[in-house]
Amino acid sequence: MPHIRNAPMLVATMSAALLAGCVAGPAPSNSMTSIYAPGQVAFDGSRQPQGDWIAEVPVARGAPTCDWKVPRELDTLRRVAPASFLNRTAPLGAGDRLEISVLGDDDRLSGTYVIDSDGSLALRGLPPVQAANSSIDQITGTLRSQLIAAGIVRPLRNSVRVALIEASGAAVAVGGAVFQPGAVRAGERTPESRIGLREGAVSGDNNPTRSIAGAIRAAGGVRPDADVQRIYLVRAGTYAEFDLSGFIYGWSSRNVAVATGDRVIVPSRTCFDADLVRPTPLTAPGIRVYMSNLTRSANNNAGAAIGEKTGSLPYGTRLLQGLVAANCVGGTHMESDRRAVLISRNPINGQSVVIERDIERLVRNADRDALNPYLMPGDAIACYDSRWTNFREAVDLVSQAVSTATPAILLDNAR
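Residues numbered from 1 in each chain as written. Predicted model: local features only at pLDDT ≥ 70, side-chain atom pairs only at ≥ 80, totals over all residues. Heavy atoms only, no water.

Some words on the packing of aromatic side chains
Within this structure, the stated rule accounts for six aromatic pairs. Where Tyr 232 meets Tyr 239, the ring centres are 5.9 Å apart and the plane angle is 65 degrees; that geometry is what we call edge-to-face. Tyr 239 shares its class with Tyr 232; the two are buried. Consider the rings of Phe 272 and Tyr 374, whose centres lie 6.0 Å apart with planes at 20 degrees: the pair is stacked. Taken together, the positions of Phe 272 in the loop between strand E13 (263–266) and strand E14 (286–288) and Tyr 374 in the loop between helix H8 (359–364) and strand E19 (380–384) put the pair 102 residues apart, joining distant regions of the chain. (Phe/Tyr/Trp six-rings, centres within 6.5 Å; stacked < 30°, edge-to-face > 60°. Buried < 20%, exposed > 50% of the residue type's maximum accessible area, 1.4 Å probe, protein only. Helix = DSSP H or I, 4+ residues; strand = E, 2+ residues; numbered from the N terminus.)

Remarks on empty space enclosed by the protein
Taken as a whole, this structure holds two cavities of 30 Å³ or more when the rule is applied. Counted as a void, the largest cavity has a volume near 70 Å³. Surrounding the largest cavity, 14 residues form its lining, Pro 49, Gln 50, Trp 53, Glu 356 and Arg 357 being those nearest its centre. Residue contributions to the lining of the largest cavity peak at four residues, all from strand E18 (residues 352–358). For the lining of the largest cavity, the residue count by class is eight nonpolar, four polar and two charged. (1 Å grid on protein atoms, 1.4 Å probe; cavity = no way out; pocket = protein on both sides within 12 Å on 5 of 7 lines; lining within 4 Å. Points joined across faces, edges and corners; volume = space filled by probe spheres on them. Nonpolar A, V, L, I, M, F, W, Y, C, P; charged D, E, K, R; others polar.)

Section: the state of the cysteines
One pass over the full model with this rule turns up two disulfides. Residue pairing for Cys 66: its cysteine sulfur links by disulfide to Cys 271, the two sulfurs lying 1.9 Å apart. Taking the sign of the S-S torsion, 95 degrees for the link of Cys 66 and Cys 271, the bridge is right-handed. Pair noted here: Cys 66 is in the loop between strand E2 (53–54) and strand E3 (78–79) and Cys 271 is in the loop between E13 and E14, with a separation of 205 residues, a long-range link. Judged by relative accessible area, Cys 66 falls into the partly exposed class, the value being 30%. Two residues share a disulfide in this structure: Cys 328 and Cys 383, whose sulfurs sit 1.6 Å from each other. Disulfide Cys 328 to Cys 383: torsion about the S-S bond roughly 85 degrees, handedness right-handed. (Disulfide = S-S within 2.5 Å.)

Brief notes about the nonpolar core
One broad trend across soluble globular proteins is that nonpolar side chains are buried collectively. Core analysis: the largest hydrophobic core is formed by 30 residues, its most contacted members being Val 172, Ile 212, Ile 216, Val 264, Val 266 and Leu 282. Mapped by element, the contributors of at least two residues to this core are strand E9 (170–176), strand E10 (182–186), helix H5 (212–218), strand E11 (231–235), strand E12 (238–242), helix H6 (246–249) and E13. Take this core: its biggest share by element is four residues, from H5. In this view, Val 264 contacts Val 172, Ala 173, Val 174, Gly 175, Ile 212, Ala 215, Ile 216, Ile 231, Tyr 232 and Leu 233; residues no more than four positions away in its chain are not counted. (Core = buried A, V, L, I, M, F, W, Y, C linked by side-chain atoms within 4.5 Å. Contact = heavy atoms within 4.5 Å.)

Considering the sheet that holds strand E5 (residues 111–114)
Pairing is antiparallel in the open sheet, where three strands are placed in the order E5-E4-E8. Here the strands that pair on one side only, and so sit at the sheet edges, are E5 and strand E8 (160–166). Strand-to-strand twist in this sheet, taken as the mean axis angle between neighbours without regard to direction, amounts to 30 degrees. On top of the sheet, helix H4 (residues 136–149) reaches strand E4 (97–102) and E8; it is set at about 140 degrees to E8, its chief contact. (Pairing = 2+ DSSP bridges. Axes fitted to C-alpha atoms, helices over the stretch in contact; angles between N-to-C directions.)

Looking at unusual backbone geometry
One non-glycine residue with positive phi stands out, namely Arg 47, at about 65 degrees. Tracing the chain through its elements places Arg 47 in the loop between strand E1 (30–31) and E2. For Arg 47, a relative accessible area of 61% translates into the label exposed. The phi dihedral of Thr 270 falls on the positive side, at around 60 degrees, and the residue is not glycine. Here Thr 270 is to be found in the loop between E13 and E14. When its relative accessible area of 39% is taken as the criterion, Thr 270 is described as partly exposed.

Considerations on the pattern of salt bridges
This structure, assessed with the given rule, holds ten salt bridges. Taking the shortest distance from any N to any O, the salt bridge between Arg 79 and Glu 241 comes out at 3.6 Å. A residue pair is termed long-range when its members are at least 10 positions apart, and Arg 79 in strand E3 and Glu 241 in strand E12 qualify at 162 residues. (Salt bridge = Lys/Arg side-chain N within 4 Å of Asp/Glu carboxyl O.)

As structure tokens, then:
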């Protein structure tokens, strides 16, 4: 059995190979165009893992750090003054509930009505009329004319009265520098917050989330590169520009109501603004971050106390705070030599970036803010074990190999 006689040499070879694997691997390589947030690149003298940064698209010397342009899709639309949207309530839309009273009616026509999904409204026994994109006064006049033409009411001024009970959520398209662009429901209500269901019919409704700010938050909130001073609302072939920076910095801003079919465009300044990385009426209150803290690849995160809610962090959390949430910081000093990687994505061009940090140096060094990037929605952080932990695992594997080979060696020598 020659393979048994070579068992000690095999064990020694395994030991050398495993112990050699205890050293840290090479730092990840990234493209320079994937840089998005400050702190992603380690500067000289930080002694943090740097890796290779490949300049795929060289940046011209003296190029501006911020660049703003009017979205080209607005070229075909007519610009109007913001007052045209501010000085009137949003038009009615599908799902809005109305209380309609007909003079002299014995509850045959009067009652509560909901605008249909196609924007139509039909009184009992009468053909539907178009109610979406109309005001209360306009739909009141339309219904009054219909009832007079049908000979149901006399041409009196107050023969028909329409009151808004509840403004439902509005289907709005949000694009540009938001984390989740697309179609959203602005002002969608929960069953507990419905108006007029328990207290009876009411007149009027204030739905503050059926607004530009509500639509933006429903789309994941503005990104740190967003231009909150120039946000565009598009409606029926026209658009207006609004300055919503007051929601970020604490001065007055008018929150404009939106209607079904509206579009909200948030331009990008193509540069990072740290003031936008915190909970505000225009940003996300929290983010979801994927975490991994495995001692062995076969284990799970439960042993590291990473549960379903651990990765839900306040917006504005930095990498080091996220590592604490993942239980990657602390423990014995022998196990303090740990490293972590942050996997993120540049939302402007979609390129991914992997940042590696020495956790202990990030904790100890005074320049940590320059090396401690913000966490963005959908980021992932993973912790690597210290060299001592790797050494211990290697010794355990070698010990198991030796324990397995020893009985065979004894049996072979007995022969």
